[in-house]
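So you can see what is in the structure, the chains are spelled out below.
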2 protein chains.
Amino acid sequence: MAKPKKTPRPKPVPPRGFRDYFGAEVTQRKAMLDAIAEVYALYGFEALESSAVETVEALGKFLPDVDRPNEGVFAWQEEPEENGPWLALRYDLTAPLARVYAEHRNTLPTPYRRYAMGPVWRNEKPGPGRFRQFYQCDADTVGTASVAADAEICAMLADVLERVGIARGDYVVRINNRKVLNGVMEVAGLAGDDRAEARGIVLRAIDKLDRLGSDGVRALLGEGRKDESGDFTEGAGLSNAQAEVIMKFVNAYSEVDSALAREAVDAEEFNHEYSERLHAARDAASPVFRDQWTERSSDRALWNTKMLRHLQVLVSDSDVGSEGVRELTDIKELLDAQGYGPDRIVIDPSVVRGLGYYTGPVYEAELTFEILDEKGRPRQFGSVAGGGRYDDLVTRFTGQQVPATGVSVGVDRLLAALTAKGKLQAEAPGPVVVTVMDRDRMADYQSICATLRQAGIRAEVYLGNPRNFGNQLKYADKRGSPAAIIQGSDEAARGVVQVKDLILGAKLAEQATVEEWKENPSQVEVPLDGLVDHLKRLLA
Amino acid sequence: MAKPKKTPRPKPVPPRGFRDYFGAEVTQRKAMLDAIAEVYALYGFEALESSAVETVEALGKFLPDVDRPNEGVFAWQEEPEENGPWLALRYDLTAPLARVYAEHRNTLPTPYRRYAMGPVWRNEKPGPGRFRQFYQCDADTVGTASVAADAEICAMLADVLERVGIARGDYVVRINNRKVLNGVMEVAGLAGDDRAEARGIVLRAIDKLDRLGSDGVRALLGEGRKDESGDFTEGAGLSNAQAEVIMKFVNAYSEVDSALAREAVDAEEFNHEYSERLHAARDAASPVFRDQWTERSSDRALWNTKMLRHLQVLVSDSDVGSEGVRELTDIKELLDAQGYGPDRIVIDPSVVRGLGYYTGPVYEAELTFEILDEKGRPRQFGSVAGGGRYDDLVTRFTGQQVPATGVSVGVDRLLAALTAKGKLQAEAPGPVVVTVMDRDRMADYQSICATLRQAGIRAEVYLGNPRNFGNQLKYADKRGSPAAIIQGSDEAARGVVQVKDLILGAKLAEQATVEEWKENPSQVEVPLDGLVDHLKRLLA
């Protein structure tokens, strides 16, 4: 093992873009993954753990003429002398699902509901908070075209968020359907292969709504748009009538929003005027009147119904568009029946995630509370999960289309959100530290420790050099220990120990008066056979 | 995405030597890792999850003149055009610990107790049951030379085994010390650099005890040995006196074993003769007589004491050997004080794991029950965990020696052992399947399902094509469902469901008479609002 002196020492650092996770970082993420897996399992999803390494051929992201398939993935060639296969680390959990499903499709149940969680790797330029290894946590249903599968995943997504600690009202699952957009394009006369270029311009324009506003998008649908710098972006060249159709889609959210706001005002007047009659009617349980009341008074409860009506009017001349609205209506009704109303699930045509990939319903979970960004400005936390329906899962392998729908939860973003909401402890409590007063009585200290552990109390003996007792207490501090146990020979002879309450001690050291010190001693003497009970009270 | 027609379809298979894990395979391993992590944490160990990818330089297994560092690991070069660094998948969890500890040594507590669990990768020839990705599950204490750290890990190892379901008596943790062997070599006159070759022959001979027996080893210590085929293996050329020393070490286990067996016979006679006096004396609590009785009657309780005495006599002329025995004595006493006696912990000089790497105590957990091998022959299950003390953890990085000791648990072997003992369920129970009798009432079925989930019952709606009801029940069978829920329009109108007990149904189908079928109907009608209670009873 001896090396020539000249070899410089290796640097103890992980590769660029990789990092390590310590203590609570590991256990908090694990607790979150466990909680999510519990919900996935409750919905009937089965665990799958595929290998981290796949053949590049099976991952299928690369063209045969690329010499070294390292764009976006970490790849290497087996036995290059013998022209072995190229292998790569998985870049997501869907490509491996496709390979596994194609391989085992004759023995897996149909539909196949599976969940998977674990690291994936991306050979990309790392940036602040952007790592080349990170966790994904997916659930997919393979082998059914029924939108009941999509609805189920949206309900599950809501359950997942509440299960990990996001309160109802702090999130919303937004749903759209690729087919509705296709229908809008058709109604606007933009269907067909020869209009692909115009569709592209329209799609990019829609995607810029946030940044350019309604007028900016409208300009891009027509002649084009000059920005502040004077640069001109060529438009799609649509007629006014065509552009009108697209804009009704683009503005669907705000139109339904203001319609509901108007109705809410009406409803308030209505309620005020008729409140007497209303209560009488509710008591009499007159269904007609009750429905009327509900429709008028609950401003958001009808959001989804109104939005679906708005979209249906918009695409009524398109078969695919109408089918899309019908699917969304089915999803809404399935979710309503399970109690997932518009306080959690919102039909929202502005959801446009990866439309090139998805073929039907798409969905996204967004956290609606504000956090402060790095410059102290409030901003919405944003998306933490998303997914949708895709039909080409195994086509590459088998030539057959297999419908599938699935979601991916961004575990690290969700952890960041919970931290921002103060819902995660920064550190898990450390072990009780049994200090070493007398090196020769190590066996006694170990025995005390064993007793604590048998009672389920996390505990350890100080194993550093015991000479300097101050160092032992500093160690206990560093470990976040709730208490230190001290037993000199005098205490041993009397069958007692000293218990130093390190949490109380730290508090007292910060703010206590001399009187408080005296009244709340952070160190007490406890009989050895009462130690477990004492610590259990202290740790409670 | 369209490909030219000529491209052959990719094969949906994992790379050679990799595999996927489904359902219970995933959850059983996870449950085991969780249980082990719980014990590790109880002992004060902190979680560490290092990156799966390391620089080859930091892994440090390779010589600078090897062009492509792919021996034993999966490695690739970043940006080969720009001569980027070589990266590799970690091959164990110790090399990353060394890198992490060297990197963070100034901020980590000393000693640093850490546990780690996760996949590691070996670029080796795969074989039956030998995969190129597998799990390791390690605990190490870094930064203390105290053998209390070794003792602690041995106790923890015993706790781990019992926690995952290995009964006391079905395992033993065997401990040895590299220094004792060094002492034996010294006493035999084999110390010093010039005797390295002879020591090598002796070590290899000792390691063959199982296969060659005592006489075979003895021959290799002297002139050499001719095997059955007539091939001659050159011996170490030791004198009779030298060989005698080594043989006392080689035969230590059997010598102590027979000594104890003789004493056990004596003790039985003694007990028989003096049983009257014995009881009287025990009642009188005469300490002298009681000790005598204990020593004579408990055959195994004194194993470790006797073995340490045997070893001490053997190496009394060697400082390092005596130190080794002293360390083992300390470990034994620390463990005794915590109640880990020779029924769980055995001093055993035949433990010779990786002696080139370890520098002090070494330990190994062995399962002592027999299983049948692939040919139906009984054999001991063998080792499931091992480790020891090593002092060169971070020397490569910092030039300093940092003492460390640690253990690695073979999770897959442990799972195999529990399966062999019938302690693992082959399959986790599947979800309750709500069947679809009437496609239009999907929302009702989803609502039933949501109610079950809210009660914590794993449940799903059948999402395949509902036309053929038989297929729905076949699906439920494949999923291992305990029950299927059936509700046609008639049942819906009456507010009831049919519950088909699939476990009872399968049992009846196998063995029931017509009378039993009638008495134990596997399908019963249940009011909808009593479904949760009914299923909870059925699943209990």
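Looking at an unreviewed UniProt entry, one finds chain A named Histidine--tRNA ligase, with Jannaschia seohaensis as its source organism. Recorded under Subcellular location (unreviewed entry), the UniProt text for chain A is reproduced unchanged: "Cytoplasm".

Draft legend 1. Up close: the overall build of chain A. On a plain count of helices and strands, chain A comes out with 20 helices and 19 strands. Per-residue burial for chain A yields a buried fraction of 50% across its 540 residues. Considering only intrachain contacts with a sequence separation of at least 6, the fraction spanning at least 24 residues in chain A is 67%. Surface exposure of chain A reaches about 25600 Å², of which carbon and sulfur atoms provide 50%.

Draft legend 2. Just the relation of the copies chain A and chain B, in detail. The transform that puts chain A on chain B rotates by 180° and translates by 0.0 Å along the axis, for an RMSD of 0.1 Å. Expressed as an axis order, the relation between the two copies is that of a two-fold axis. Across chain A, the rotation axis passes nearest the C-alpha of W76(A), at a separation of 2.8 Å. Most of the interface of chain A is mirrored in chain B: 100% of its interface residues are interface residues there too.

Draft legend 3. Quick look at the sheet that holds strand β4 (residues 75–77) of chain A. All names here are of chain A. Spatially, the 3 strands line up as an open sheet ordered β3-β5-β4, and their pairing is antiparallel. If you trace the sheet from one side to the other, it starts and ends with β3 (53–55) and β4, each paired once. Strand after strand, the sheet turns through a mean of 30° between neighbouring axes, direction not considered. Bridge count between β4 and strand β5 (residues 86–89): 3 bridges; the pairing is antiparallel. By the bridge assignment for β5, A75 is matched with A88.

Draft legend 4. Focus on the sheet that holds strand β5 (residues 86–89) of chain B. Residues and elements named next belong to chain B. Read from one edge to the other, the open sheet built from 3 strands follows the order β3-β5-β4, with strand pairing classed as antiparallel. The open sheet has two edge strands, β3 (53–55) and β4 (75–77), and neither has a second partner. On average, each strand axis in the sheet is tilted by 30° relative to the strand beside it, whichever way the strands run.

Draft legend 5. The arrangement of the pairing of strand β6 (residues 112–121) of chain A in detail. Residue and element names in this part refer to chain A. In terms of residue burial, β6 counts as a mostly covered element, since 9 of its 10 residues are buried. Examined bridge by bridge, strand β2 (residues 46–49) and β6 share 2 bridges and lie parallel to one another. Bridge pairing links A47 to Y115 in β6.

Draft legend 6. Layout of the UniProt feature "binding site: L-histidine" (unreviewed entry) in chain A. Residue and element names in this part refer to chain A. Residues given the UniProt feature "binding site: L-histidine" (unreviewed entry) here are D92, L93, T94, R122, Q136, D140, R353, Y357 and Y358. Looking at the secondary structure, you find D92 in the loop between β5 and α3 (94–104). Once residues within four sequence positions are removed from consideration, D92 is found in contact with V120, R122 and Q136. In terms of polar contacts, D92 uses its side chain to reach the backbone amide nitrogen of T94, at 3.1 Å. Position of Q136 relative to the elements: it lies in strand β7 (residues 133–142). Here the side chain of Q136 touches L93 through a polar contact of 3.4 Å, landing on its backbone nitrogen.

Draft legend 7. Geometry of the interface of chain A and chain B. At the interface, 101 residues of chain A touch 101 residues of chain B. In total, about 8400 Å² of surface goes out of reach between chain A and chain B, with carbon and sulfur atoms giving 54% of it. Scanning the region where chain A abuts chain B turns up 17 salt bridges. Ionic pairing is found between R99(B) and D20(A), a salt bridge with its closest N-O pair at 2.7 Å. The interface formed by chain A and chain B contains 42 residue pairs in polar contact (both at pLDDT 80 or more). Grouping the constituent residues of the side of chain A that touches chain B by class yields 49 nonpolar, 24 polar and 28 charged.

Draft legend 8. Broad picture of empty space enclosed by the protein. On inspection of all chains with the given rule, the structure shows 7 cavities of 30 Å³ or more. Of the volumes computed, that of the largest cavity is approximately 830 Å³. Looking at the lining of the largest cavity, the elements with two or more residues in it are α1 (24–42), β2, β6 and β7 of chain A together with α1 (24–42), β2 (46–49), β6 (112–121) and β7 (133–142) of chain B. Looking at the lining of the largest cavity, the element that brings in the most residues is α1(A), giving 7 residues. Of the residues in the lining of the largest cavity, the class split is 24 nonpolar, 7 polar and 10 charged. Estimated volume of the second largest cavity: approximately 70 Å³. Along its surface, the second largest cavity is lined by F18(A), R19(A), Y21(A), R29(A), Q133(A), F134(A), Y135(A), E49(B), S50(B) and S51(B). Ranked by the residues each element gives to the lining of the second largest cavity, the list is headed by β7(A), at 3 residues.

Draft legend 9. Molecular detail of the pattern of salt bridges. Following the criterion strictly, the structure yields 67 salt bridges over all chains and no others. The closest approach of N and O atoms between R113(B) and E460(A), which form a salt bridge, is 2.9 Å. On the criterion of chain membership, the pair formed by R113(B) in strand β6 and E460(A) in strand β16 (residues 459–461) is interchain, its members lying in two chains. Accessibility classification places R113(B) together with E460(A) in one group, the buried group. Its salt-bridge partner being R479(A), residue E46(B) comes within 2.8 Å of it at the nearest N-O pair.

Draft legend 10. Main features of the packing of aromatic side chains. Applying the stated criterion across every chain yields a total of 18 aromatic pairs over all chains. Each ring, one from Y40(A) and one from Y115(A), has its centre 5.8 Å from the other, and the planes form 45°; the classification is tilted. With Y40(A) in helix α1 and Y115(A) in strand β6, this pair connects stretches of sequence that are 75 residues apart. There is no split in this pair, since Y40(A) and Y115(A) are both buried. Members of the aromatic cluster, joined through ring pairs, are F18(A), F74(A), W76(A), F18(B), F74(B) and W76(B). Of note, R19(A) hangs over the ring of Y21(A), and the distance from its end group to the ring centre comes to 3.9 Å. Taking NZ or CZ as reference, R29(A) lies 4.3 Å from the ring centre of Y21(A), over its face.

Draft legend 11. Focus on the side chain of T405(A). Residues and elements named next belong to chain A. By secondary structure assignment, the location of T405 is in strand β14 (residues 404–409). By relative accessible area, T405 is classed as buried at 0%. Within the local environment of T405, its side chain forms a polar contact with the side chain of D150, the two groups lying 2.6 Å apart. If near-sequence neighbours (up to four positions away) are discounted, T405 is found in contact with A139, D140, T141, A149, D150, I153, Y363, G388, R389 and Y390.

Draft legend 12. Structural detail: helix α14 (residues 411–420) of chain B. All names here are of chain B. For α14, every residue scored as buried is listed here: V411, L414, L415, A417 and L418. Projection of α14 onto a plane perpendicular to its axis shows the buried side chains occupying an angular sector of 160°, all on one side. Taken together, the buried residues of α14 touch α1, β7, α4 (147–164), β12 (361–372), β13 (378–390) and β14 (404–409). Downstream of α14 by a residue or two, G422 has a phi angle that is positive, lying close to 70°.

Draft legend 13. The arrangement of the environment of L302(A) in detail. Topologically, L302(A) is positioned in the loop between α10 (287–297) and α11 (303–315). Residue classification places L302(A) among the buried positions, given a relative accessible area of 18%.

Draft legend 14. Main features of the nonpolar core. Y40(A), V173(A), I175(A) and I246(A) are the most contacted members of the largest nonpolar core, which totals 116 residues. Looking at this core, the element that brings in the most residues is helix α4 (residues 147–164) of chain A, giving 13 residues. When near neighbours in sequence (up to four residues on either side) are disregarded, Y40(A) contacts F45(A), Y115(A), M117(A), C137(A), D138(A), A139(A), M156(A), V160(A), V407(A) and V409(A). Among the nonpolar cores identified, the runner-up in size contains 115 residues, and L502(A), F45(B), V180(B) and F249(B) belong to it.

Draft legend 15. Structural detail: the environment of I345(B). Residue and element names in this part refer to chain B. Within the secondary structure, I345 is located in strand β11 (residues 345–347). With relative accessibility at 3%, the residue I345 sits in the buried group. Sequence-wise, I345 and V172 are 173 residues apart; in three dimensions their C-alpha atoms are separated by 5.8 Å.

Draft legend 16. Representation of the confidence of the model for chain A. All names here are of chain A. With 87% of its residues at a pLDDT of 70 or more, chain A shows a mean pLDDT of 86. Segment residues 62–66 is flagged for pLDDT under 50; beyond a separation of four residues in sequence, or across chains, it makes 5 contacts in the model. Low confidence marks residues 281–298, where pLDDT is under 50. Its contacts with residues over four positions away, or in another chain, come to 16 contacts.

Draft legend 17. Examining the packing of helix α15 (residues 442–454) of chain B against helix α20 (residues 531–539) of chain B more closely. All names here are of chain B. Here α15 crosses α20 at 55°, and the two axes come no closer than 10 Å. Classified by the interaxial angle, the pair formed by α15 and α20 is oblique. For α15 against α20, the interelement crossing comes out right-handed. Here I448, T451 and L452 of α15 come into contact with α20, specifically with L531, V532 and L535.

Rules used throughout
- Residues numbered from 1 in each chain as written.
- Chains lettered and ligands numbered in written order.
- Predicted model: local features only at pLDDT ≥ 70, side-chain atom pairs only at ≥ 80, totals over all residues.
- Heavy atoms only, no water.
- UniProt positions renumbered as here; feature names shortened; annotations may be inferred.
- Helix = DSSP H or I, 4+ residues; strand = E, 2+ residues; numbered from the N terminus.
- Buried < 20%, exposed > 50% of the residue type's maximum accessible area, 1.4 Å probe, protein only.
- Contact = heavy atoms within 4.5 Å.
- Areas by Shrake-Rupley, 256 points an atom, 1.4 Å probe, with all protein chains shown as cover.
- Least-squares fit on C-alpha atoms with pLDDT ≥ 70 in both.
- Pairing = 2+ DSSP bridges.
- Axes fitted to C-alpha atoms, helices over the stretch in contact; angles between N-to-C directions.
- Polar contact = N/O pair within 3.5 Å; in protein donor to acceptor, adjacent residues only side chain to side chain.
- Buried area = accessible area lost by both parts, 1.4 Å probe.
- Salt bridge = Lys/Arg side-chain N within 4 Å of Asp/Glu carboxyl O.
- Nonpolar A, V, L, I, M, F, W, Y, C, P; charged D, E, K, R; others polar.
- 1 Å grid on protein atoms, 1.4 Å probe; cavity = no way out; pocket = protein on both sides within 12 Å on 5 of 7 lines; lining within 4 Å.
- Points joined across faces, edges and corners; volume = space filled by probe spheres on them.
- Phe/Tyr/Trp six-rings, centres within 6.5 Å; stacked < 30°, edge-to-face > 60°.
- Lys NZ or Arg CZ within 6 Å of the ring centre and 35° of its normal.
- Arc of directions from axis to C-beta.
- Core = buried A, V, L, I, M, F, W, Y, C linked by side-chain atoms within 4.5 Å.
- pLDDT = per-residue confidence, 0-100.
- Parallel < 35°, antiparallel > 145°, perpendicular 65-115°, else oblique.
- Left-handed = near helix turned anticlockwise from the far one by under 90°.

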